[in-house]
Structures are given as C-alpha cells and as structure tokens.
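# Architecture and fold: a report
Now for the letters of each chain:
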Amino acid sequence: MGGTDGATPIIRVRLATPEDGAACAAVYAPYVTETAISFELVPPTAGEMAGRIAKVTAHWPWLVVEVDGVVRGYAYATRHRERPAYDWTTESTVYVHRDFHGRGLGRTAMRSLVAVLRLQGFHLVVAGITAPNPGSFALHRSLGFTRIGEFEAIGWKSDGWHGVEFWGLELSPRDLVPDPVTPIGELAGTPELADALEGRGAS
C-alpha cells in the first residue's frame, strides 16, 4: 500500500539512472533560484541533469529517494579533486524536495550513500555546506561527520558573500596500502549493494 488515505508512505532508495534527470532537476531548481545553498545561478535542464547522472554513475553512486514511487530527494558523491592521490576521497551532495523537508529523507539518502561509499572502498567523504545551514550541519553531525573548517566569503550570490563549511567522515582505517575503489557499476545487482541501499553499513 502507498501513502494515500493515511497509510504509511513507502520510501525506497535506489540507484539513479539518466531517466531520473527531470525529477532530480525539479528537486534541485529552487535551491538554485531561491537560495545560496547551491552556488549555481541557472538551474540545469532535465537533459543536463540526466547528463550529470550518467557522468557521475560511471564511477560513483547517485541515489534517489522515492516516496510512493515519486523521486523526492537525492544524494550523490563525486570526485573531490583530479589528482590520483585523491582517488580514495569523494565529495557528497544531498537535496530534498522543499515540500518534503523534515521527514527524514535527507538522512535516509545520506545513510545509504555513506554505506555505498564504504562498500566501494572510499576512505574519506567530505561535504561542503553553505553557511549558515543548521539543518544540514545537524544531519551530517548525526552521521558522524565532523567539522573541518570554513572558507569565509568564498562565493558571491544573491547580493552577498557566503562562506562554505567543510565536514568530513572517514569511512575506513588508514591502511598502509589501500585497495582500489570499486566502481559503482561493478556492484550493481549484488546483495551487498542491496544492503547498502537500505543503509546497512552506514556506521
């Protein structure tokens, strides 16, 4: 049963595909046009978002959260920096449809993302959060992230300067020689990935 007539809504986390481009673009657009949470100035089109999903999921996870079969939020990870020594570090992003704030969807998405990243073999995940954003700070703190520091006045948008706080979470021990990270496509369809999408292994 779905979430109609007072029934408990069905919440599902799954891997995104380019076909989710329109839904993710709709979630994201208000953050671009109405806030400084995103430093973009023009919302991506559905096609542009589909291209981003395709590019990211060649190696990293992009997850969508469905409520009764409709995408209401998403989280993904991508390369932190280009040089090879950063291969075990990734940067995370999470957005929830503004009509679904306060329902735990961001935490659901991020718990699953952390679990998937740990399964892939990433060592460190970092998040850059436009300050102030107490809700996002609390979300990341609840998942074990710690504040690293802030770049003050790093971005100009909406007639003002904005700082960005960086938060980090180590996902694995500091091995002397880490194993290579497993691309997300190599895990598709495995029981281990199914467990991670349920958030098992997030801590």
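Rules of the game
- Residues numbered from 1 in each chain as written.
- Predicted model: local features only at pLDDT ≥ 70, side-chain atom pairs only at ≥ 80, totals over all residues.
- Heavy atoms only, no water.
- Axes fitted to C-alpha atoms, helices over the stretch in contact; angles between N-to-C directions.
- Helix = DSSP H or I, 4+ residues; strand = E, 2+ residues; numbered from the N terminus.
- Parallel < 35°, antiparallel > 145°, perpendicular 65-115°, else oblique.
- Contact = heavy atoms within 4.5 Å.
- Nonpolar A, V, L, I, M, F, W, Y, C, P; charged D, E, K, R; others polar.
- Pairing = 2+ DSSP bridges.

## Looking at the packing of helix α1 (residues 21–34) against helix α2 (residues 46–56)
Two elements in contact, α1 and α2, have axes separated by 8 Å at closest approach and are oriented at 105 degrees. Judged on the interaxial angle alone, α2 and α1 are roughly perpendicular. Together, G21, A22, C24, A25 and Y28 of α1 and A46, M49, A50, R52 and I53 of α2 make up the contact between the two elements. Grouping the constituent residues of the contact of α1 with α2 by class yields 8 nonpolar, 1 polar and 1 charged.

## Brief notes about the sheet that holds strand β1 (residues 11–15)
Read from one edge of the open sheet, 7 strands run β1-β2-β3-β4-β5-β7-β6, paired in mixed fashion. Of all strands in the sheet, those bounded by a partner on one side alone are β1 and β6 (146–157). Across this sheet, the average inter-strand angle for adjacent strands is 25 degrees, counted without regard to direction. The sheet contact formed by strand β5 (residues 124–131) and strand β7 (residues 160–170) spans 8 bridges and is antiparallel. Within β7, the residue paired with T130 across the bridge is V164. Contacts from α1 reach β2 (62–67), β3 (70–79), β4 (89–96) and β6, with the element oriented near 80 degrees to β3.

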